[in-house]
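# Architecture at a glance
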Amino acid sequence: MPTSLKDTFRDALSVSLTVGVYGIAFGAASVAAGFSVLQSCLFSLLTFTGASQFAAVGVVASGGAGASAIAAATMLGTRNALYGIQMAPLLQVRGFRRVMAAQITIDESTGVALSQAPRGSEAMRAGFWLTGAGVFLFWNIFTLLGAVGAKALGNPASWGLDAAVPAAFLGLLWPRLETMFLRLVGAASMVFALLVTPWLPAGLPIIATVAVAVVVGWRPR
Amino acid sequence: MSPSMMWIVLIGTSALSFSVKMLGHSVPERWLANSRLQRINALIPISLLSALVVAQGLVVKTHVVIDHRLAGLAAALAALFAKAPFPVVVVVAAVTSALVYHLH
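Residues numbered from 1 in each chain as written. Chains lettered and ligands numbered in written order. Predicted model: local features only at pLDDT ≥ 70, side-chain atom pairs only at ≥ 80, totals over all residues.

### Side note on the overall build of chain A
On a plain count of helices and strands, chain A comes out with 13 helices and zero strands. Order of helices (α) and strands (β) in chain A, N terminus to C terminus: α-α-α-α-α-α-α-α-α-α-α-α-α. For 221 residues, the compact-globule estimate of 2.2 N^0.38 gives 17 Å, and the C-alpha radius of gyration of chain A, at 19 Å, lies within 12% of that figure. For chain A, the spread of C-alpha atoms along the principal axes amounts to about 60 × 50 × 35 Å. (Helix = DSSP H or I, 4+ residues; strand = E, 2+ residues; numbered from the N terminus. Rg over C-alpha atoms; globule rule 2.2 N^0.38 Å.)

### Examining the packing of helix α4 (residues 50-61) of chain A against helix α5 (residues 66-76) of chain A
Residue and element names in this part refer to chain A. Packing of α4 against α5 leaves a shortest axis separation of 8 Å and a crossing angle of 160°. When the interaxial angle is binned, α4 and α5 end up roughly antiparallel. Judged by the twist between their axes, the crossing of α4 over α5 is right-handed. Facing Ala51, Ser52, Ala55, Ala56, Val59 and Val60 of α4, the residues of α5 in contact are Ser68, Ala69, Ile70, Ala72, Ala73 and Leu76. Here the residues of the contact of α4 with α5 sort into ten nonpolar, two polar and no charged. (Axes fitted to C-alpha atoms, helices over the stretch in contact; angles between N-to-C directions. Parallel < 35°, antiparallel > 145°, perpendicular 65-115°, else oblique. Left-handed = near helix turned anticlockwise from the far one by under 90°. Contact = placed C-beta atoms within 7 Å. Nonpolar A, V, L, I, M, F, W, Y, C, P; charged D, E, K, R; others polar.)

### Overview of the packing of helix α8 (residues 107-115) of chain A against helix α9 (residues 121-153) of chain A
Residues and elements named next belong to chain A. Relative to each other, α8 and α9 sit at 155°, their axes nearing to 7 Å. Classified by the angle their axes make, α8 and α9 are roughly antiparallel. Handedness of the α8/α9 crossing: right-handed. When α8 is examined against α9, the residues Glu108, Ser109, Val112 and Ala113 are found in contact with a partner set consisting of Met124, Gly127, Phe128, Thr131, Gly132 and Val135. By residue class, the composition of the contact of α8 with α9 is five nonpolar, four polar and one charged.

### So, the environment of Ala93 of chain B
On the secondary structure map, Ala93 of chain B appears in helix α4 (residues 86-103). C-alpha separation for the pair Ala93 of chain B and Gly72 of chain B, spaced 21 residues apart in sequence, amounts to 4.0 Å. Among residues more than four places away in sequence, those in contact with Ala93 of chain B are Gly160, Ala163, Ala164 and Ala167 of chain A together with Gly72, Leu73, Ala75 and Ala76 of chain B.

### Here we look at α8 of chain A
For α8 of chain A, the complete set of buried residues consists of Glu108, Ser109, Thr110, Val112 and Ala113 of chain A. Tucked into the core, α8 of chain A has its buried residues touching α1 (6-21), α6 (79-91) and α9 of chain A. (Buried ≥ 20, exposed ≤ 12 C-beta atoms within 10 Å, placed from the backbone.)

### Points about the confidence of the model for chain B
Do not read the fine detail of predicted coordinates wherever pLDDT is low. Averaged over every residue, the pLDDT of chain B is 91; residues scoring 70 or more account for 99%. For this predicted complex, the interface confidence reaches an ipTM of 0.87, while the overall pTM sits at 0.81. (pLDDT = per-residue confidence, 0-100.)

### Observations regarding the nonpolar core
Of all hydrophobic cores here, the largest spans 108 residues; its most connected members are Ala29, Ala72 and Ala164 of chain A together with Leu48 and Ala93 of chain B. The leading source of residues in this core is α9 of chain A, at twelve residues. Counting contributing residues, this core receives three or more from each of domain 1 (3-176) and domain 2 (178-221) of chain A. Sequence-distant contacts of Ala164 of chain A, defined by excluding residues within four places in its chain, comprise Ala25, Ala28 and Ala29 of chain A together with Val90, Ala93 and Ala94 of chain B. (Core = buried A, V, L, I, M, F, W, Y, C linked by C-beta atoms within 7 Å. Domains from an automatic or database assignment.)

### Considerations on α4 of chain A
Residue and element names in this part refer to chain A. A rise of 1.5 Å per residue sets the reference length of α4, with its twelve residues, at 16 Å; its end C-alpha atoms lie 16 Å apart and thus fit the reference within 8%. The element α4 is extensively covered by neighbouring structure, given that twelve of its twelve residues are classed as buried. Residues of α4 that are buried include every one of Gly50, Ala51, Ser52, Gln53, Phe54, Ala55, Ala56, Val57, Gly58, Val59, Val60 and Ala61, and no others. Within two residues after α4, Gly63 carries a phi angle of roughly 85°, on the positive side. (Expected span 1.5 Å × (residues − 1).)

### Focus: the domain arrangement of chain A
Residue and element names in this part refer to chain A. Segmentation of chain A into domains returns domain 1 (3-176) and domain 2 (178-221). The C-alpha centroid of domain 2 is placed 24 Å from the C-alpha centroid of domain 1. Residue contributions to the side of domain 1 that touches domain 2 peak at five residues, all from α5. Of the residues contributing to the side of domain 1 that touches domain 2, the split by class is seven nonpolar, four polar and one charged.

As structure tokens, then:
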């Protein structure tokens, strides 16, 4: 590896490891929701976008319908399309390499790629591929560990797993609440979700909350 | 939920998540340049994650329920204010919730 890419490699590795460890929480949440160890691992291999995976198993755990689970997960993943639009002109790949690039287009690979801009476009490409591959590797290893561990533990409430899942969502939400405006959007969404809970089938209040994002984002501020 | 429905959730989520990613790599940039679409898209994760926090922490089926999970969430919030890293936040929530569950 050229010395110029050493810093990029270090950035990619530290992000991959830190994020990959979260896979333990997903594996445990997935098993607690009733998915098998195999299914939990397939989620991380095939879906491979953390918040969406948590959403799918979260809706299932709360007794929601399958369609609600899929819809919530898909809507949480729409930002990956915007990342792809930014990454495609940088990567310039076709065929199978494009399929691989798409699968590893997530928060972290895009974030590290963009952060390498001062080091040039070669470093940006390296940042994307190294981080995407690194997160993929560690996320899947730790998902397996979390799923096997949770299977061995038994009753989810007895080990606090039923609180670990909403805590994980809170942990994913926290760094996004950068401004007072965004905190207000978050608070309004929580209130809205609780208000509609008694009136809608389980799982639907989560999707219905997208209405808050649509109403607030409709006009420029 | 039936075992076959759980497979449908797994396969449906995976297929659509990949399609969304592939879409981004395939469409011309201007297609998604609409500013209203971008504003809404930026807010969707915040709305959905917020809803998931309360739906998982305060709801059983279609009822709002206060139980041991809220203690776990409060502990997670305290850990986040103390700038704890993500795995610590999750573990603190789990331990607190489990303690309340057993002591209650």
